[in-house]
Amino acid sequence: MRARTTAAAAIAAALSLSLAACSGGDSEGASSTDDATVGIAMPTKTSQRWINDGDNMVSELRQYGYSTTLKYANNSSKTQIEQLENMIQGGADVLVIAAVDSTVLGGVLKKAEDAGVPVIGYDRLPMNTPDVDYYSSFDNLKVGQLQAMYIVEQLGLVNGSGKGPFNIELFAGSADDNNAKYFFKGAMDVLQEYIDSGQLVVKSGETDFKNLTTLRWDGRLAQKRMAKVLSSTYSDAKLDAVLSPYDGMSIGIINALKADGYGTDAKPLPLVTGQDAETPSVQAIIDREQSETVYKDTRKLALVTAHMVNSVLHGNSPVISDTKTYDNGKKIVPAYLLEPVSVDRTNYKQVLVNSGYIKASDLK
Ligand code: BGC
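The present account deals with the structure reproduced in this document. Keep in mind it's a predicted model, so treat the numbers as computed, not measured. (Residues numbered from 1 in each chain as written. Predicted model: local features only at pLDDT ≥ 70, side-chain atom pairs only at ≥ 80, totals over all residues. Heavy atoms only, no water.)

1. Considerations on the site of the ligand
To be explicit about the condition: Throughout, near means a residue has at least one heavy atom within 4 Å of the molecule or strand. By the criterion applied in these results, polar contacts are pairs of N or O atoms within 3.5 Å in which, for protein atoms, one can donate a hydrogen and the other can accept it, and in which residues neighboring in sequence qualify only through two side-chain atoms. Areas reported as accessible are Shrake-Rupley estimates using a 1.4 Å probe. Residue values count occlusion only from the protein chains shown. Segments assigned H or I by DSSP are reported as helices when at least four residues long, segments assigned E as strands when at least two residues long, and all are numbered from the N terminus. Ten residues, namely Ala, Val, Leu, Ile, Met, Phe, Trp, Tyr, Cys and Pro, are considered nonpolar, four, namely Asp, Glu, Lys and Arg, are considered charged, and the remaining ones, Gly among them, are considered polar. Note that the domain bounds reflect an automated or database-derived domain assignment.
Taken together, R49, W50, D123, R124, D177, N179, F183, W217, Y246, Q275, D276 and K296 make up all the residues around the ligand. One nitrogen or oxygen atom from the side chain of R124 is found 2.8 Å from an oxygen atom belonging to the ligand. Here an oxygen atom of the ligand sits 3.0 Å away from a polar atom, N or O, in the side chain of N179. Relative to its unbound accessible area of 310 Å², the ligand is 98% covered by the protein chains. Counting only elements with at least two residues in the shell around the ligand, the list comes to helix 2 (48–63) and helix 6 (178–196). When the residues that make up the shell around the ligand are grouped by side-chain class, the tally is 4 nonpolar, 2 polar and 6 charged. When residues are assigned to domains, the shell around the ligand turns out to be shared by domain 1 (10–132 + 297–339) and domain 2 (140–295), each giving three or more.

Dropping the structure here:
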């Protein structure tokens, strides 16, 4: 392995203690793996985060000297399965997969297993298959908790400065993405007591996960549902907060709110959460349209995942931080989970700009 000389060095240093503790190191004799190829399957280019994820994975793996095949599936699970089949047939030595639809990969992952190709679930866990070896992600429950904590703190429900009742509407991510359930559960763990006490009111009455999901996290679908809820339920009432699990959906939700007349002094926008700290949403936070986002440092995720790949290719056990949480229906998948961070106007500079995650020049 070549020495790391890039910005990744700083992150590597931060993670190195825990990683070095259990892996047996990076520098074992690698003759049989030096020319290994890693297949990287990413879901879509419609969101900046996945473009960064793909680029980061390629550059991290290059630093180990590995070749990569990076494919985006245009949010089509059929395309992703074909891409994975091609990677297996083409002799990939490891697969790193961020699923489009986490529930339909069983067949192709069985082919990987039969071909002796280890599989790492990247951020999204392949479900109902024994043929996934490791999982790298963030503490997904905490993502939802952070979004909901932001809402109840800003409404003054935690320190008692605001009594309510406040009106809130809830959104969830794609039903076929295991993460969506974790985000929603984490949020409801925080919100439920305030809903039970009547301080938070979901005026539409829509509180069941299955009625709140948004296929493929599509911002246009979120916009449509927000518009529908506003016209059916809020003609005489004011909406105070929206739980949105993802920045791309928050943009759609804010569009619907503005089209309904929100965003003026007389009718201010409600609190709107988000996730991924994508540049347009951080700009919307600066512009006081979106309130919050959850930052997940995808540079660290790539670092951890590349380290996992390297360990697997050397026949070592990768560093794992969690062996209990991620039951995919067939097995508990050993995971390395990173910490998410809540970001708003007060800390975006320190957290996102000073860390180099977003360039100051990309923000107005
Ligand atoms: C990821 C989120 C992302 C969402 C939509 C989830 O699986 O964990 O970071 O916002 O997909 O792309």
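2. Some thoughts on the pairing of strand 3 (residues 94–97)
Convention followed: Exposure is judged per residue with a 1.4 Å probe applied to protein chains only, and the accessible area is read against the type maximum: over 50% gives exposed, under 20% gives buried, and values in between give partly exposed. Strand pairing is defined by DSSP finding a minimum of two bridges between the two strands.
A two-sided burial pattern is seen for strand 3, the buried positions comprising V94 and V96 on one face and L95 and I97 on the other. When strand 1 (residues 37–42) meets strand 3, the two strands line up parallel, connected through 4 bridges. For V38, the partnering residue across the bridge sits in strand 3 and is V94. The pairing of strand 3 with strand 4 (residues 119–122) spans 3 bridges and is classified as parallel. For I97, the partnering residue across the bridge sits in strand 4 and is G121.

Purely spatial values, then, with no claim about function.
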